[in-house]
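# Structural features, examined
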Amino acid sequence: MPNPTDATDSTDTETNPEASTTDADEFTVTPYAVSGEVDYEKLLERFGATSLTDDQLDRFPDHPMIRRRTFYAGRDVNEYLEAAESDDPHAIVTGRGPSGPMHLGHVLSLYLARRFQRETGTTVYVPLSDDEKYLAKDQSFASIGGHTRDNLRDVLAVGFDPENTRIVIDTADADVIYPIAVRLANYLTPATVEAVYGQQDTVGLQFYPAVQATHLLLPQLVAGRQPTLVPIAVDQDPHVRVCRDVAAKESLPVEKPGALLGRFLPSLEGPGKMSSSGDAPSIELTDDPETVAATVNEHAYTGGRATLEEHREKGGDPSVDIPFQYLRFFFEEDDAALERIAQRYRAGELLSGDLKELAIDRITDFLAAHQRRRDALGELEDELEPFRLANAERCRALERAGVPSVSGRVR
Ligand code: TRP
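For clarity, every value in this text was computed on a predicted model and none was experimentally measured. (Residues numbered from 1 in each chain as written. Predicted model: local features only at pLDDT ≥ 70, side-chain atom pairs only at ≥ 80, totals over all residues. Heavy atoms only, no water.)

### Regarding helix H4 (residues 77-85)
The periodicity of an α-helix, 3.6 residues per turn, causes residues three or four positions apart to be oriented the same way. Rules: When a residue's accessible area, from a 1.4 Å probe over protein chains only, is under 20% of the maximum for its type it is buried; when over 50% it is exposed; and in between it is partly exposed. Only DSSP runs of H or I reaching four residues or more are called helices, and only runs of E reaching two or more are called strands; each is numbered from the N terminus. Working note: the arc is built from the helix axis to C-beta atom directions. When checking whether two residues touch, look at their non-hydrogen atoms; a contact exists if any pair is within 4.5 Å.
Of all the residues in H4, the buried ones are Val77, Tyr80, Leu81, Ala83 and Ala84. Summarising the axial view, the buried residues of H4 lie within an arc of 165°, below the 170-degree limit, and thus occupy one face. Tucked into the core, H4 has its buried residues touching helix H2 (54-59), strand E4 (71-75), strand E5 (91-93), helix H5 (104-120), strand E8 (228-233) and strand E9 (258-262). Looking one or two residues beyond H4, the residue adopting positive phi is Asp87, at roughly 60°.

Following this line, the structure appears as structure tokens:
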């Protein structure tokens, strides 16, 4: 059986056993645990990914999250860019683990994918891993199901084009996902899983990487070989590495998916913490303007000085100021405007309260538009229908994966 240390081809030492943590470093990044102060550059060494070059930055559709290197690294990005430039088929897979209400950090890659779709016609797949979250979080199936339905409304509110967007839900689309995952799981050893993810509590979670690998191959299994890019926060990169390994071993008719790796949206409470799970306060997509204002005013860590006098004299530090960082990540698209804000903050002209107010305004505008689209949705089943895999697409995926359905039809 394959050993995690002997990669099948020399370019991919993907399942490096030391990928998730090493004793020497003080931070851990795996899909199930992020702790310590993340060193984004060191992480690339650990994971074997590379920083985006200036040339690559220029070739992506223009977006502040690319320009400002929020998405800062990747693997096999050029193949995707070439296809996008020459109007060849190309796809993005960006999923959601429905373990709770979605907050701002969760929609970054969805909105990025939407922009790419509008610019270059990218096919977008959005898998929802309700199985993963049932296994990883202490929640009932009913509770995960409720979050799945709620999160689907947010995914739909992003405004993808149903012509070239597919939304899949692991338990609801198990007819397609399960047989393919089984085939991939045949090459996924417990040793690899442990090396890449650390020890897992259940065999369910040990199996799950085969499911996420299936997500990443789905666009190609449905529609044929094409460069596929997976924009994700760095903690999800192990899933991409595992997928690349097993896809090669199973000699499926697919290219290895590439990754576009992003930094974490900083937690409201300050740099070095991430905003995902836990009890950290965060801004949810359904928050009204008063709640946004209260959350930012109460919790946002600022780079301001202790007293007004000192602030006016010495100025603030935008690099650690969370309201500024939110503007930088997402909410102020204009580089010149952002730079002016930074300068005036450093000069002590703008106070922390001013930056908070600015951020609150911009976040509120963004959420108002998102919520308008969300509220305009009808019944979930009806809205979802045009985004579900068609029967012919299901059959094709199963055939390409070498697991044709027993009855000749699915569903
Ligand atoms: N595992 C991801 C999470 O916990 C969700 C997810 C499922 C995903 N499938 C994906 C993310 C495919 C990116 C691509 O958040």
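### Topic: the packing of aromatic side chains
What counts, and what does not: The rule is short: rings of Phe, Tyr and Trp, with Trp giving its six-membered ring, pair when the centres are within 6.5 Å, and they are stacked under 30 degrees, edge-to-face over 60, tilted in between. Two limits define a charge over a ring: the Lys NZ or Arg CZ must be within 6 Å of the ring centre, and within 35 degrees of the ring normal.
All told, the structure shown has 12 aromatic pairs when counted by the stated rule. When the centroid spacing of 6.2 Å and the interplanar angle of 70° are considered together, the rings of Tyr111 and Phe330 count as edge-to-face. You can see Tyr111 sitting in helix H5 and its partner Phe330 sitting in helix H14 (residues 322-331), a full 219 residues away along the chain. The buried category is assigned to Phe330, whose relative accessible area is 10%. Looking at Arg263, its charged tip hangs above the ring of Tyr40, at a distance of 5.2 Å from the centre. Against the face of Tyr72 rests Arg263, its NZ or CZ located 4.5 Å from the ring centre.

### Considering the site of the ligand
Where we set the bar: Put simply, a residue is near a molecule or strand once any heavy atom of it comes within 4 Å of that molecule or strand. We define a polar contact as two N or O atoms separated by no more than 3.5 Å, with the added condition that, inside protein, one atom must be a possible hydrogen donor and the other a possible acceptor, whereas residues neighbouring each other in sequence contribute only through side-chain atom pairs. For every accessible area listed, the method is Shrake-Rupley and the probe measures 1.4 Å; residues are considered covered only by the protein chains on display.
Taken together, 15 residues lie around the ligand, and Glu132, Lys133, Gln212, His215 and Gln236 are the ones closest in. Take Lys133: an N or O atom from its side chain is 2.8 Å from an oxygen atom of the ligand. At 2.8 Å from a nitrogen atom of the ligand is found a side-chain nitrogen or oxygen belonging to Gln212. Expressed as a share of its isolated accessible area of 360 Å², the protein-covered part of the ligand is 90%. Elements with a minimum of two residues in the shell around the ligand: helix H6 (130-136), helix H10 (203-223) and E8. Ranked by residue count, the leading element in the shell around the ligand is H10, at four residues.

### Here's the deal with unusual backbone geometry
Positive phi is not limited to glycine here, since Arg69 has a value of about 60°. By secondary structure assignment, the location of Arg69 is in the loop between helix H3 (64-67) and E4. Of note in the backbone geometry, Asp87 takes a positive phi value of approximately 60° without being a glycine. By the secondary structure assignment, Asp87 is in the loop between H4 and E5.

### A closer look at the environment of Pro404
Looking at the secondary structure, you find Pro404 in the segment after helix H18 (391-400). Sequence separation of Pro404 and Ala49 is 355 residues, and the distance between their C-alpha atoms is 35 Å. Contacts of Pro404, omitting those with residues within four sequence positions, involve Leu398 and Glu399.

### Focus on the domain arrangement of the protein chain
Quick note on the threshold: Note that the domain bounds were set by an automatic or database domain assignment. Throughout, the accessible surface (probe 1.4 Å) given up by two parts as they are put together, summed over both, is called the buried area. For this analysis, a salt bridge means a side-chain nitrogen from Lys or Arg found within 4 Å of a carboxyl oxygen belonging to Asp or Glu. The nonpolar class holds Ala, Val, Leu, Ile, Met, Phe, Trp, Tyr, Cys and Pro. Asp, Glu, Lys and Arg form the charged class, and all remaining residues, Gly among them, are polar.
Here the protein chain is described as being made up of domain 1 (17-264) and domain 2 (289-375). Facing 19 residues of domain 1, the contacting portion of domain 2 comprises 17 residues. Overall, the association of domain 1 and domain 2 removes approximately 1600 Å² of surface from exposure, summing both partners, and the carbon and sulfur fraction of that is 52%. Per-residue buried area on domain 1 facing domain 2 is highest for Arg68, Leu104 and Tyr111; these three make up 40% of the total on that side. The interface formed by domain 1 and domain 2 includes five salt bridges. A salt bridge links Arg68 to Asp335, with the shortest nitrogen-to-oxygen separation between them at 2.7 Å. When residues of the side of domain 1 that touches domain 2 are traced back to their parent elements, those giving at least two are H3, H5 and helix H7 (141-157). Among the elements that make up the side of domain 1 that touches domain 2, the one with the highest residue count is H5 (six residues). For the side of domain 1 that touches domain 2, the residue count by class is nine nonpolar, two polar and eight charged.

### Quick word on a nonpolar patch on the surface
What counts is decided by this rule: Here, patches come from residues exposed beyond 30% relative accessible area and free of salt bridges, joined within 9 Å for like charges and within 5 Å for nonpolar side chains (Val, Leu, Ile, Met, Phe, Trp, Tyr).
Where nonpolar side chains cluster on the molecular surface, the patch consists of Tyr134, Leu135 and Phe141 and spans about 270 Å² of accessible area. Tracing the chain through its elements places Tyr134 in helix H6. For Tyr134, a relative accessible area of 34% gives the class partly exposed.

### Remarks on the nonpolar core
To keep it simple, the criterion reads: The term nonpolar core refers to a set of buried residues drawn from Ala, Val, Leu, Ile, Met, Phe, Trp, Tyr and Cys, joined through side-chain atoms within 4.5 Å.
Ranked by size, the top nonpolar core spans 61 residues in total, and within it Phe60 and Leu104 carry the most contacts. There are two domains that each give this core at least three residues, and those are domain 1 (17-264) and domain 2 (289-375). Ignoring any residue separated from it by four or fewer positions in sequence, one finds Leu104 in contact with Leu265, Ile283, Leu285, Tyr326, Phe331, Ile363, Phe366 and Leu367. Ile177, Ala210, Leu217 and Leu221 belong to the second largest nonpolar core, which has 49 residues in total.

### Considerations on the pairing of E9
Where we set the bar: We call a crossover right-handed when, viewed with the strands running away from us, the connection from the first strand over the helix to the second turns clockwise.
Counting buried positions along E9 yields five of five residues, so the element is predominantly enclosed. Between the parallel pair E8 and E9, the chain is carried across by helix H11 (residues 237-249), and the sense of this crossover is right-handed.

### Examining the confidence of the model for the protein chain
Regions with low pLDDT carry predicted coordinates that are not meant to be interpreted in detail. The following threshold applies: pLDDT measures the predictor's confidence residue by residue and takes values from 0 up to 100.
The share of residues in the protein chain with pLDDT of 70 or more is 91%, and the mean pLDDT across the chain is 88. Counted against residues more than four places away or in other chains, residues 1-23, with its pLDDT under 50, gives 43 contacts.

### Examining a negative patch on the surface
Using the following cut-off: For the charge count, each Lys or Arg is scored as positive and each Asp or Glu as negative, with His and the chain ends excluded. Each charge is placed at NZ for Lys, CZ for Arg, CG for Asp and CD for Glu.
A cluster of acidic residues, Asp354, Glu357, Asp361 and Asp365, forms a negative patch at the surface. Within the fold, Asp354 resides in helix H16 (residues 352-375).

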